[in-house]
Amino acid sequence: RAELRNAVDERKENGKKIPHLAAVLVGGDGGSLTYVNAKVKACDEIGFKSTLIQYESDISEEALLNKVNELNNDPEIDGFIVQLPLPDHIDELKITEAIDPKKDVDGFHPMNLGNMVLSLPGFLPATPAGIMQLLERNNIETSGKNCVIIGRSNIVGTPLSIMLSRNSNPGNCTVTLAHSRTANLPEVVRGADIIIAAIGRPEFVTADMVKEGAVIVDVGTTRVPDASKKRGWALKGDVKFDEVAPKCSYITPVPGGVGPMT
C-alpha cells in the first residue's frame with residue numbers, strides 16, 4: 001500500500017486525475033460486506049477516491065443493470081466492482097457482461113478473462129492476482145511444485161489454476177483443481193506442496209489433510225456465530241488454523257491474510 005500511496009502522490013504532483021473506484025454491494029452477505037469495507041478503507045489509505053453504492057437484496061435485475069450502465073458512462077469513475085455473489089433472482093453473468101471491460105477492475109468480464117488466458121494485457125481477477133503477488137513477495141518457490149486449489153469458482157479457483165500453471169514466476173506449478181466431485185479429496189490435498197483453500201466452508205481443511213512443510217493460502221472469509229465476540233460473530237477461513245499452522249512452512253491467517261491484501 002505504501003507503494004500505491006507513493007504512486008498516487010506522484011500523480012497528484014503531476015496534475016493527473018486521482019483514481020476513483022466505485023463498489024456496488026447488493027444485500028447484506030457478511031463476507032461480502034467485510035470485503036467491500038476493506039476495499040473502501042484501502043482506497044482511503046492510498047489516496048484513491050471511492051464510492052460505495054448499497055442496495056437491498058430485493059433490487060430488480062433491471063435496476064442493477066441501469067446502475068452498471070450509469071457507472072460505465074460516468075467519466076468520474078475509473079473502475080468499479082459489483083460484489084458477488086448476487087441474490088438468486090439476478091443473473092450474475094448478465095451483470096458481469098454488462099460492465100465495460102475497461103472499467104472491470106475485478107477482471108471477471110469474458111473479454112478480460114480471455115486476455116488472461118492468452119497472457120494479453122487486461123484486468124486480472126483481483127484475488128488470484130493478489131495471491132500471485134503474495135507468493136512472489138514472500139519468495140515462495142512454485143516452479144515444479146504440486147499445487148492443489150480447493151474450489152473451482154470463476155472468481156478464484158479457475159483463474160488462479162491458469163495463472164499458476166503458466167510459464168512464469170510465480171507459476172510453472174502442476175495444478176490440481178479440486179471440487180465437490182473430487183474423489184479422495186483428503187488424499188489429493190495431502191500430496192500438495194501448495195494448498196489454496198477457496199471453497200467457502202469454514203475450517204474445512206484439517207491437519208490430517210496437510211503434509212509437513214506445505215504452503216497454505218486461505219481465501220475463505222465466512223462469518224460464523226461467536227457469543228464471545230461483542231459483535232456476535234467471528235471471521236473463519238477455510239483452514240482450521242490452530243491445528244494446521246504447526247505443519248506449514250507458510251500459512252495466511254483469517255482475518256488478516258488474503259482479504260486485506262486483496
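One can find the structure itself at the top, above this paragraph.
Below you will find a few notes about this structure. (Residues numbered from 1 in each chain as written. Predicted model: local features only at pLDDT ≥ 70, side-chain atom pairs only at ≥ 80, totals over all residues. Heavy atoms only, no water.)

Looking along the chain, the bond that leaves Leu-84 and enters Pro-85 is cis, with omega of 5°. Looking at where Pro-85 falls in the secondary structure, it is placed in the loop between β3 (79-82) and α4 (92-98). Following Asn-169, the chain continues into Pro-170 via a peptide bond in cis, with omega recorded as 0°. Checked against the element boundaries, Pro-170 lands in the loop between α7 (157-165) and β5 (174-178). Positive phi, normally seen in glycine, also occurs at Asn-139, with a value near 55°. With respect to the helices, strands and loops of the structure, Asn-139 is situated in the loop between α6 (126-137) and β4 (146-150). Despite not being glycine, Asn-184 has its phi angle at roughly 50°, a positive value. When you line up the elements, Asn-184 lands in the loop between β5 and α8 (185-190). The exposure class of Asn-184 is exposed, given its relative accessible area of 53%. (Helix = DSSP H or I, 4+ residues; strand = E, 2+ residues; numbered from the N terminus. Buried < 20%, exposed > 50% of the residue type's maximum accessible area, 1.4 Å probe, protein only.)

This part is about the sheet that holds β5. Taken together, the five strands give an open sheet; going across it, the order is β5-β4-β6-β7-β10, and neighbouring strands pair in parallel fashion. Of all strands in the sheet, those bounded by a partner on one side alone are β5 and β10 (248-251). Taken pair by pair, the neighbouring strands of this sheet meet at an average axis angle of 15°, ignoring direction. Pairing of β4 with β5, which is carried by five bridges, proceeds in the parallel orientation. Note that in β5 the partner of Cys-147 across the bridge is Val-175. In this fold α7 packs onto β4, β5 and β6 (194-197), with an angle of close to 170° to the strand it touches most, β5. (Pairing = 2+ DSSP bridges. Axes fitted to C-alpha atoms, helices over the stretch in contact; angles between N-to-C directions. Contact = heavy atoms within 4.5 Å.)

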